[in-house]
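Examination of the molecular architecture
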Amino acid sequence: MADGQPGSSAPEVLPGAAETAHLRVDNVTKRFGAAKAVDNVSFAIPRGAFATLLGPSGCGKTTTLRMIAGFYDPDEGDIVLSGKRINQLPAHRRGTAMVFQDYALFPHMTVKDNVGYGLRVAGVPGKERERRVAETLEFVGLGGLGHRWPNQLSGGQQQRVAVGRALVVRPQILLLDEPLSNLDAKLRESLRWEMRELQQQLRMTFIYVTHDQDEALSLSDWIAVMNQGRVEQAGTPWEIYYRPRTEFLADFVGAVNLVPAIARDVRGATAVLAFGGARVPVGLPPGVSVREDQEVRLSVRPESLWLASAGATAQGMISLAGTVARRAFLGDIMRYWINVDGREWIVDQADPGAGVAFEGSVSLMLRPERAHVIVPATPAELSSG
Ligand SMILES: Nc1ncnc2c1ncn2[C@@H]1O[C@H](COP(=O)(O)OP(=O)(O)OP(=O)(O)O)[C@@H](O)[C@H]1O
Ligand SMILES: [Mg+2]
């Protein structure tokens with residue numbers, strides 16, 4: 001399979017990350033019985049990055065995190081920290097600390113003792129331990145709650161205890177497994193920013209696991225999207241959202257229009273996507289090649305489209321004749337479903353105002369530079385994957 005194609009085992013790196021990587025996962029596989037929970041995964045994370053593993057339930061996120069933490073041994077491949085292979089190092093000597101999906105607080109210990117646990121295990125003397133626990137409790141906003149028991153805390157407070165317990169040992173890398181998933185939507189959103197602020201303040205490398213694409217997009221410097229044990233694509237949030245390599249990815253990270261089209265006039269890194277009577281010139285993403293007359297998908301996000309009155313044209317835009325099938329007022333946007341040549345396109349119009357809704361015949365306006373090409377996986381690729 002060519003480099004950069006879906007399913008490729010080429011390492012996914014931020015520019016410059018390979019040389020300076022704080023943590024590298026090299027061709028790592030983990031099997032449970034016959035099933036591969038993690039299948040030949042590679043990536044590199046620069047020091048001080050907020051890195052996120054994003055993917056649906058069961059795709060191998062926790063298993064990957066546990067191998068980095070040292071709770072599982074990989075069957076194949078290497079975990080490399082600051083250039084050194086650490087496969088053989090026990091968990092407590094790796095410089096990593098983990099916040100677990102269900103927090104895993106000790107119910108029979110007070111908040112203070114939960115937070116101090118790692119220091120006690122490491123043999124840090126009493127006075128020093130007390131000082132560091134107090135400092136950490138202040139830092140995570142739990143000053144004064146040290147004597148409570150876990151069952152006397154709200155979900156958000158329990159989450160802070162879990163973060164404090166991980167931070168108190170001063171790890172180099174903090175591993176967080178869906179730390180906000182047990183909280184209600186409002187709290188989740190406010191704690192999201194606290195997570196990012198915490199990471200910036202500590203200048204620590206974070207590896208964060210979530211299945212929530214908004215959380216991943218808003219928090220991360222770098223995202224690896226996993227699917228069925230593999231890294232489907234890795235890159236900046238912007239690349240993942242606007243330059244998805246696969247239909248799975250395009251769909252997983254938000255609403256998208258995926259329109260069947262034929263590649264024409266293929267020249268180097270450009271092609272023209274033809275569908276209906278329209279021709280949309282696009283640039284090909286790095287590592288992606290298409291053949292003349294190949295069937296591909298034009299991918300465009302709903303907020304990258306505009307509506308205008310029927311027959312309208314505008315310089316630099318492609319205008320498609322459509323009719324409004326239905327619309328929904330979502331508060332911040334009006335979402336339209338526009339019928340073009342028997343296919344429905346989703347179009348989001350920001351700040352819809354009052355009394356300006358489109359009806360009947362319209363022009364659907366598309367700026368070619370906001371469109372993107374996705375090459376569907378061939379049957380051969382699917383069966384080898
Ligand atoms: N200890 C285990 N024994 C057997 N199978 C396991 C074990 N741990 C995980 N698996 C399987 O490996 C696959 C990946 O699991 P993993 O927990 O890594 O997924 P995940 O991405 O963290 O999912 P979720 O979002 O639901 O937490 C799943 O099919 C799971 O059933
Ligand atoms: Mg998990």
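Computed from a predicted structure; not experimentally measured. (Residues numbered from 1 in each chain as written. Chains lettered and ligands numbered in written order. Predicted model: local features only at pLDDT ≥ 70, side-chain atom pairs only at ≥ 80, totals over all residues. Heavy atoms only, no water.)

Some points on the domain arrangement of the chain
Our working rule: The start and end points of each domain follow an automatic or database-based domain assignment. Should any heavy atoms of two residues lie within 4.5 Å, those residues are counted as being in contact. Here's the idea: put two parts together, see how much 1.4 Å probe accessible area each one loses, and the total over both is what we call buried area. Criterion for a salt bridge: a side-chain nitrogen of Lys or Arg within 4 Å of a carboxyl oxygen of Asp or Glu.
Looking at the assigned domains, one finds that the chain contains domain 1 (12–95 + 171–248) and domain 2 (255–384). Facing the nine residues of domain 1 at the interface are 13 residues of domain 2. The junction of domain 1 with domain 2 conceals about 970 Å² of combined surface from both sides, 46% of it contributed by carbon and sulfur atoms. Across the salt bridge formed by E247 and R297, the nearest N and O atoms sit 3.3 Å from each other.

Observations concerning the sheet that holds strand β15 (residues 295–300)
Heads up, the rule is: Strand pairing is assigned whenever DSSP identifies at least 2 bridges connecting the two strands. Working definition: helices are DSSP H or I runs of at least four residues, strands are E runs of at least two. Numbering for both runs from the N terminus. As a rule, the C-alpha atoms of each element are fitted with a line to give its axis, helices using only the stretch in contact, and angles between N-to-C directions run from 0 to 180 degrees.
Pairing is antiparallel across the open sheet formed by five strands, whose spatial order is β14-β13-β12-β15-β21. Two strands bound the open sheet, and with one partner strand each, they are β14 (278–283) and β21 (372–374). This sheet shows a mean twist of 45° between the axes of neighbouring strands, independent of strand direction. Taken together, the four bridges between strand β12 (residues 257–267) and strand β13 (residues 270–275) define a ladder with antiparallel strand orientation. Directly across from A263, in β13, lies its bridge partner L273.

A look at helix α5 (residues 155–167)
Put simply, the rule reads: One less than the residue count of a helix, multiplied by 1.5 Å, gives the span that helix is expected to have. Burial status follows relative accessibility: with a 1.4 Å probe on protein chains alone, a residue under 20% of its type maximum counts as buried, one over 50% as exposed, and anything between as partly exposed.
With 13 residues, α5 should reach 18 Å at 1.5 Å per residue; the first-to-last C-alpha distance of 19 Å fits that figure. Buried residues dominate α5, accounting for ten of its 13 residues. All of the buried residues in α5 are G156, Q159, R160, V161, A162, V163, G164, R165, A166 and L167. Of the surrounding elements, those touching the buried residues of α5 are β7 (96–99), α3 (111–121), α4 (126–139), β8 (173–177) and α6 (185–202).

Here's the deal with the site of ligand 1
What counts here: Nearness is defined per residue: one heavy atom within 4 Å of the molecule or strand is enough. Whenever two N or O atoms come within 3.5 Å, that pair is a polar contact, provided that in protein one can donate a hydrogen and the other can accept it, and provided that, for residues adjacent in sequence, both atoms are side-chain atoms. The Shrake-Rupley method, run with a 1.4 Å probe, gives the accessible areas here. Residue values count only the displayed protein chains as cover.
Taken together, the neighbourhood of ligand 1 is formed by 13 residues, with S57, G58, K61, T62 and T63 sitting nearest. Between K61 and ligand 1, the recorded distance is 2.8 Å, taken from a side-chain N or O atom to an oxygen atom. T63 is positioned with one of its side-chain polar atoms (N or O) 2.6 Å from an oxygen atom of ligand 1. Isolated, ligand 1 exposes 640 Å² of accessible area, and the fraction of that covered by the protein chains is 59%. Sorting elements by how many residues they give to the shell around ligand 1 places helix α2 (residues 61–69) first, with three residues.

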